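Here is how the chains run, residue by residue.
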Amino acid sequence: PFINNTDDKGNSYDGTNMALFEEEMDSNPMVSSFLSKLANYTNLSQGAQEHEEADDDEGPKKKASPQMGTFMGVYLPCLQNILGVILFLRLTWIVGTAGILESLAIVGLCCSCTMLTAISMSAIATNGVVPAGGSYYMISRSLGPEFGGAVGLCFYLGTTFAGSMYILGTIEILLTYMVPKAAIFVADKKEDELDALLNNMRVYGTCCLAIMSVVVFVGVKYVNKLALVFLACVILSILAIYAGVIKTIFDPPYFPVCMLGNRTLKNHQFDKCNKIEVIDNITVTTQLWNLFCDGSQLNATCNEYFVNNNVTELQGIPGLISGVISENMWSTYGPLGMLVEKSNLPSVEGGDPTQDIYMPYVVNDITTFFTLLVGIYFPSVTGIMAGSNRSGDLRDAQKSIPIGTILAITTTSIIYITSVVLFGACIEGVLLRDKFGDSVKGNLVIGTLSWPSPWVIVIGSFFSCCGAGLQSLTGAPRLLQAIARDGIVPFLQVFGHGKANGEPTWALLLTAGICEIGILIASLDSVIPQVYSCLQFFLMCYLFVNLACAVQTLLRTPNWRPRFKYYHWALSFLGMSLCLAIMFISSWYYAIVAMVIAGCIYKYIEYRGAEKEWGDGIRGLSLNAARYALNRLEDAPPHTKNWRPQLLVLLNVDSDQAVKHPRLVSFTTQLKAGKGLTIVGNVLQGTYLTKESESKKAEQNIKAAMSAERTKGFCHVVVSSNLRDGVSHLIQSAGLGGMKHNTVLMAWPGAWKQSNDPQSWRNFIETIRETTAAHQALLVAKNVDSFPTNQDRLGEGTIDVWWVVHDGGLLMLLPFLLRQHKVWRKCKMRIFTVAQMDDNSIQMKKDLQMFLYHLRLDAEVEVVEMHDNDISAFTYEKTLVMEQRSQMLKQMHLSRTEREREAQLIHDRNTASHATINDKVDAEPEQVHMTWTKDKLLTERNRNRECNANVAVRDLFNMKPNQTNVRRMHTAVKLNEVVVNKSQGAHLVLLNMPGPPRNRGGDENYMEFLEVLLEGLNRVLLVRGGGREVITIYS
């Protein structure tokens, strides 16, 4: 009732409960509306909606939120990818070659690596929402776009090539074990069989890829339905293996292995394991006899080993309780071509060993050793990212990824470990080491164990390859789409587009194209490089997932709050170490190649990619390292040997905030050559509240100028009530801790004589005084706009140093630093020093040459003698004109600004930051009366003005020059004559800068002295040391 309530139709905010905050509602929404937006968040592929809305004129369409849960979205895809063909085709051979104990070590090593990686991945996945991209998203947001892009693209290539290998495996199983008659190309000769097989694989592989691509294009839900069927077949195959193991306890299957002595025979070309047999009381030779003898007669010439040893049959699968496990505990590594033998069978050596390769013996097709088996086995555990790669399709990625992935790894680890033990306990060692089943008529070794039929394993391995290929074609395009939509690799951005529901159409086409390349190569010689390349890319991805978790945990950033609590940085480091070890254990040269590829992608993204700030751990690591280094630097000032100019560059901007002297930035780059600290400072006059936009614009313009000149450093724009205070604040406070500037670089105020405001050159002189008080060096560049740019290349010429007084050796150091840059590289250094009447010029030159020799500086030395001449009339007259001009300007300035000065009189007397204080006011306090009337004040002011004007005019004609000023002018004139005579043609002249007078009344005369000193010289750098030695002769 007491509030005058007016209806404001423009306000969307109604109500009075929160009236205190109503002015901030536009920028800071109410918590209720904020929470409702958060609740409606969907983790669909990021960027899908924006792209589609931009392409659709009808406006945005409502997207369906993802509905896949833990079982269908993560557990089953991981299970399907992990349970690959290695289990069916190679695990028995690994057990036979490495033995049960070392096989368990291999399985344990690989499964530990993936489990530790899954733990790290779970911590990252539960530390916030994980949109599309999976492992790439986790790495890039934790370690930065460069690492994320490099590892993400490598992982994409690995997944894509793995897809092509799975498809090739599918076709090989189809044409070798299932329907050999389906071959289109049939070889007439035995040597052409390989080419025919490869051509068949190319044709069928291309057809299979096309079918799979269509299924993936239709949608991920159809992939999941097919995957369920494929996985069911794989699980049935595994159950068939366990059933076969149980059956061996009471009824082992009959799979005899024919042995000659202790050597295993291939039984492709004979049916009976006998040398001879009796048919109708007639002894005849068998097919086996014909393989070792030159005829079928009993008196034929036979292989000596065949003659000396008997043929026996071994039970290939003796059963779980046969005790064969004790024989299979230990490894049996060997070279290429080594015979597969059973050590406890009798054997009589004989014959020529070089002829054994032509006999039907089972032999090693490759040289075997522990690390090789690690490399062969590891691809069978690399499916752990299958769920996280589809994070954009999950209903709750934070919950599903950890549970599904860890359960899948646990399940498959149990299957692999039990399989190792059961294979070693059931199957004869020589059959285990028979990689291709040649001793059992080419059957899959694991197929001989399964129940009810070996066909169960053949069909299971076929669908296993099919399912894994389908999962690769589903995950890889989504990974590429996520990388493309982040925009970190410019030429990949086209692959960020897709269908209206976010399906990655273009990425799928590229993935299918890369897969087709892998299929068309289809050479058995290239399969091993493909396997190792994929393995290295997978391991690199796992390594960086572990690294990301470890970095985030150790940095303890406030945003690191994962819901998954069962992680530790030590586990992540252990996982990272295992990944690195397996990379080099399996193939050190492929590991190096993979690292070089990732390094090239990293540098490309760093050079051409878009700059992203994702709050990643590498930035946090840099911040921690910088903080640590700054704390160390704070302990003590740098030693003379480590001293280098850390520059504060005072740069001016015009009324439009454009940089006035960009060549000053160029000179900074040439002086620094990218080393040391550079702070480019600027002062704007006013208050920050009114000048905020101008301040930001000036900062952007200065940063643009620094970028154009490739100046590495920082920009610092200060808004102050007056320029003098702003420069003072910069000199005092720029930098941080031990990383503070020690040198100030500024331009000479060239228009100080034409300026009506004396404050400009007074600010310049006060800056000199403040740098001296702060023990900082000062560099003043005259005619800075004529200095060379970074694109210029100065030819033969000189940098002349005029060493008049020693103030730390900065004059010697600056030419050396300049000559490191390509602009000044061809210039020679000349050092001039001034000798007085009493000095020995010859000795001075020798001493200076020795000093430069010890400083390791190459320079020409010249000693210039300046005699004590009488002061010329020119010098006397120039001093007199200078003082008269100074006095006249002072009177003119007083009469013009008297009103403003009187209005600020009380303020000026009480403000310590002003450089000049009106001494007359302090000396005449009787002029200030609090009871004066306005008329009395005007009368007194006019009387004083007339009196002062008369005195001033009279003094101008009667004054005589000050003797100190005459002597200083004499020095300036004489030194200028010498410098111009010697150095007028030099590319740059470096000169000691004389200090300003202690009495501020002579400031304007000081500017005249400097002007006379520099007259007739083009490029000059005035140098004033900071009061400490900056160059040393010691190592």
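The protein is annotated in an unreviewed UniProt entry as Solute carrier family 12 member 7 from Maylandia zebra. Under the Sequence similarities (unreviewed entry) heading, UniProt states for the protein: "Belongs to the SLC12A transporter family. K/Cl co-transporter subfamily." Quoted verbatim from the Subcellular location (unreviewed entry) field of UniProt, the annotation for the protein is "Cell membrane".

Draft legend 1. Spatial organisation of the packing of aromatic side chains. Tallied over the entire structure, the rule returns 20 aromatic pairs. Taking the centre distance of 5.5 Å and the plane angle of 80° together, the rings of Tyr377 and Tyr416 count as edge-to-face. One end of the pair, Tyr377, is in helix α12 (residues 370–377); the other, Tyr416, is in helix α13 (residues 397–426), with 39 residues separating them in the sequence. A single burial state applies to Tyr377 and to Tyr416, both of which are buried. Aromatic side chains Trp569 and Phe573 sit 5.8 Å apart centroid to centroid with 85° between the ring planes, which places their arrangement in the edge-to-face category. Separated by four residues within a single helix, Trp569 and Phe573 lie in helix α19 (residues 569–586), roughly one turn from each other. By the ring-pair criterion, three or more aromatic residues cluster together here, those being Trp289, Phe292, Phe306 and Tyr361.

Draft legend 2. Representation of a nonpolar patch on the surface. On the surface, Leu580, Phe584, Trp588, Tyr589, Ile592, Met595 and Val596 cluster together to form a nonpolar patch covering roughly 660 Å² of accessible area. Counting only elements with at least two residues in the nonpolar patch, the list comes to α19 and α20 (588–608). The element that contributes the greatest number of residues to the nonpolar patch is α20, accounting for five residues. Structurally, Val596 can be placed in helix α20.

Draft legend 3. The pattern of salt bridges, seen in detail. For the coordinates displayed, the defined rule picks out 18 salt bridges. The partner of Glu428 in a salt bridge is Lys342, with the nearest N and O atoms 2.6 Å apart. Here the residue Glu428 occupies a position in the loop between α13 and α14 (429–432), and Lys342 occupies one in the loop between β5 (311–315) and α12, the gap between them amounting to 86 residues. You'll find Glu428 and Lys342 in the same group, each marked buried. The residue Glu606 makes a salt bridge to Lys603 at a minimum N-O spacing of 2.5 Å. In this pair, Glu606 and Lys603 are both assigned in helix α20, three residues apart and thus about one turn of the helix distant. Given a relative accessible area of 39%, Glu606 falls into the partly exposed group. Here the salt bridges do not stand alone but share partners, grouping Arg263, Glu341 and Glu349 into one network.

Calculation criteria
Residues numbered from 1 in each chain as written. Predicted model: local features only at pLDDT ≥ 70, side-chain atom pairs only at ≥ 80, totals over all residues. Heavy atoms only, no water. UniProt positions renumbered as here; feature names shortened; annotations may be inferred. Phe/Tyr/Trp six-rings, centres within 6.5 Å; stacked < 30°, edge-to-face > 60°. Helix = DSSP H or I, 4+ residues; strand = E, 2+ residues; numbered from the N terminus. Buried < 20%, exposed > 50% of the residue type's maximum accessible area, 1.4 Å probe, protein only. Patch = residues over 30% accessible without salt bridge, like charges linked within 9 Å, V, L, I, M, F, W, Y side chains within 5 Å. Areas by Shrake-Rupley, 256 points an atom, 1.4 Å probe, with all protein chains shown as cover. Salt bridge = Lys/Arg side-chain N within 4 Å of Asp/Glu carboxyl O.

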